[in-house]
Amino acid sequence: MSTRFTLEQLRGFVAVAEEGHFGRAADRLRMTQPPLSRQVQKLERALEVELLVRTPRAVLLTAAGRAFLAEARRILKLSESAPAAARNAARGEAGALTISFTAMAALAVLGPWLRTITGRLPMVELTLVEMVTGDQVDALLAGGVDIGLARGVPPSDVLSVRRVHAESLLLACPRDHPLADLGRPPSLVDIGRYPVVTYHPVVSRYLHELVISVFRQARVEPDYVQRVGQVHSLLALVNAGLGVGLVPRTAARLRLPNLAFTEVDGVSPDVVETHCVWRTEHANPALDALLRLTASGDDRTLDGLGAQA
């Protein structure tokens, strides 16, 4: 059996139920009483139940009518809010976003992004996933992630990339290390005299290649004693006294009891970059809204960065 009724019939029924009188309900709806009566009769036929009991002085709800009244009100409320929901979704003000991020990007960029989303896009449902950049690229290409915060991506015709943050490298060393007491920022030559903890060439390719290039430009070949996949892992090893290491400035927010941070002489202030990455061809208005809200004069589109963090 197919039950069909119109929103006009529901509005008529709700008006009569609330007013308890066809005449007053008709005045409220700015119509005459006969068509209103026909609307309610058609609704009762469609439902195959009697909703109202008509008496000389009032109109009363049946048990079925009382049960249906709540549902009728709910349907009418949804019919009023649905167009606004559709318009919000089309403008990107509602919907869903999945954002992937590296651990350091969470400290440098993700916080301001979350404040922007909760303040300007409060109806957008967020899913946050921590991933290294290689996994982020795979998830973006597979459609499991809408946008990622990463340390660079391989060249691709299907991914757009924009710089969202740049920072310098700091030296992380034990508090009692000679480099912490030089009285000046150590140079790369100074650092190269000591064992260096660095990054894994596959898991953390971007930082691995960055550290190697920085030392090579200074004509320094350090003794790399350990290679790790995450910045916080490097800090843990340095804190344990296994060596010193170069880390993004953001890492100085992670405090460990035996850890000191110092500037490094001769290193570019913007050498470490964080990028947001998304599929160029996508159909998510909420993503477009986020990109508009997070764009700034410092952002720039990068055509294929060959490094991977």
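Residues numbered from 1 in each chain as written. Predicted model: local features only at pLDDT ≥ 70, side-chain atom pairs only at ≥ 80, totals over all residues. Heavy atoms only, no water.

A. Representation of the overall build of the protein chain. When its secondary structure is counted, the protein chain shows 10 helices and 12 strands. By the burial criterion, 46% of the 309 residues in the protein chain qualify as buried. Across the protein chain, every contact between residues at least 6 apart in sequence was considered, and the portion connecting residues at least 24 apart equals 75%. (Helix = DSSP H or I, 4+ residues; strand = E, 2+ residues; numbered from the N terminus. Buried < 20%, exposed > 50% of the residue type's maximum accessible area, 1.4 Å probe, protein only. Contact = heavy atoms within 4.5 Å.)

B. Molecular detail of the pattern of salt bridges. Throughout the structure, instances matching the rule amount to 13 salt bridges. Linking Glu 221 and Arg 216 is a salt bridge whose minimum nitrogen-to-oxygen distance equals 3.9 Å. Side by side, Glu 221 and Arg 216 carry an identical accessibility label, which is exposed. Put simply, Glu 18, Glu 19, Arg 24, Arg 28 and Arg 73 are held in one network by salt bridges that share partners. (Salt bridge = Lys/Arg side-chain N within 4 Å of Asp/Glu carboxyl O.)

C. Structural context of the nonpolar core. Ile 191, Leu 235, Leu 246 and Val 247 are the most contacted members of the largest nonpolar core, which has 37 residues in total. Elements with a contribution of two residues or more to this core: strand S7 (169–174), helix H7 (188–191), strand S8 (195–199), helix H8 (205–217), strand S9 (223–228), helix H9 (231–239), strand S10 (245–248) and strand S11 (259–262). The contacts of Ile 191, once residues within four sequence positions are left out, are Leu 171, Leu 179, Pro 186, Val 196, Phe 215, Val 244, Leu 246 and Val 264. Ranked by size, the runner-up nonpolar core spans 21 residues in total, among them Leu 97, Leu 149, Cys 276 and Trp 278. (Core = buried A, V, L, I, M, F, W, Y, C linked by side-chain atoms within 4.5 Å.)

D. Summary view of the packing of aromatic side chains. Using the criterion set out here, one finds 3 aromatic pairs in the structure. When the centroid spacing of 5.6 Å and the interplanar angle of 50° are considered together, the rings of Phe 13 and Phe 68 count as tilted. With Phe 13 in helix H1 (residues 7–19) and Phe 68 in helix H4 (residues 63–91), this pair connects stretches of sequence that are 55 residues apart. A single burial state applies to Phe 13 and to Phe 68, both of which are buried. (Phe/Tyr/Trp six-rings, centres within 6.5 Å; stacked < 30°, edge-to-face > 60°.)

E. Main features of the sheet that holds S10. With antiparallel pairing, the 3 strands of this open sheet are ordered in space as S10-S7-S11. Looking at which strands have only one partner, the edges of the open sheet turn out to be S10 and S11. Across this sheet, the average inter-strand angle for adjacent strands is 40°, counted without regard to direction. With 4 bridges joining them, S7 and S10 adopt antiparallel strand pairing. Along S10, the bridge assignment pairs Leu 171 with Leu 246. Seen against the sheet, H9 touches S7, S10 and S11 and runs at an angle of roughly 140° to S10. (Pairing = 2+ DSSP bridges. Axes fitted to C-alpha atoms, helices over the stretch in contact; angles between N-to-C directions.)

F. Broad picture of the packing of H1 against helix H3 (residues 33–47). For the pair H1 and H3, the least separation of the axes is 9 Å and the interaxial angle reads 105°. One way to sum up the angle between H1 and H3 is to call them roughly perpendicular. Contacts from Glu 8, Gln 9, Leu 10, Gly 12, Phe 13 and Val 16 of H1 reach H3 at Leu 36, Gln 39, Val 40, Lys 42 and Leu 43. Of the residues belonging to the contact of H1 with H3, the class tally is 6 nonpolar, 3 polar and 2 charged. (Parallel < 35°, antiparallel > 145°, perpendicular 65-115°, else oblique. Nonpolar A, V, L, I, M, F, W, Y, C, P; charged D, E, K, R; others polar.)

G. Representation of the environment of His 232 within the structure. Inspection of the secondary structure assignment puts His 232 in helix H9. Overall, the relative accessible area of 37% leaves His 232 in the partly exposed class. When the C-alpha positions of His 232 and Val 247 are compared, they lie 9.3 Å apart, and in sequence the two are 15 residues distant. For His 232, the residues in contact, after removing those within four places along its chain, are Ala 103 and Leu 254.

H. Region of interest: unusual backbone geometry. Unlike most non-glycine residues, Arg 30 shows phi in positive territory, near 60°. Within the secondary structure, Arg 30 sits in the loop between helix H2 (22–29) and H3. Look at Glu 48: it is not a glycine, yet its phi comes out positive at around 60°. By relative accessible area, Glu 48 is classed as exposed at 57%.

I. The arrangement of the packing of H1 against H2 in detail. Running from N to C, H1 and H2 point in directions that differ by 125°, and their axes come no closer than 8 Å. Compared by their axis directions, H1 and H2 come out oblique. Crossing hand, H1 versus H2: right-handed. Note on element contacts: H2 touches H1 through Phe 22, Arg 24, Ala 25, Arg 28 and Leu 29, opposite Arg 11, Gly 12, Ala 15, Val 16, Glu 18 and Glu 19. Among the residues making up the contact of H1 with H2, the classes are represented as 5 nonpolar, 1 polar and 5 charged. (Left-handed = near helix turned anticlockwise from the far one by under 90°.)

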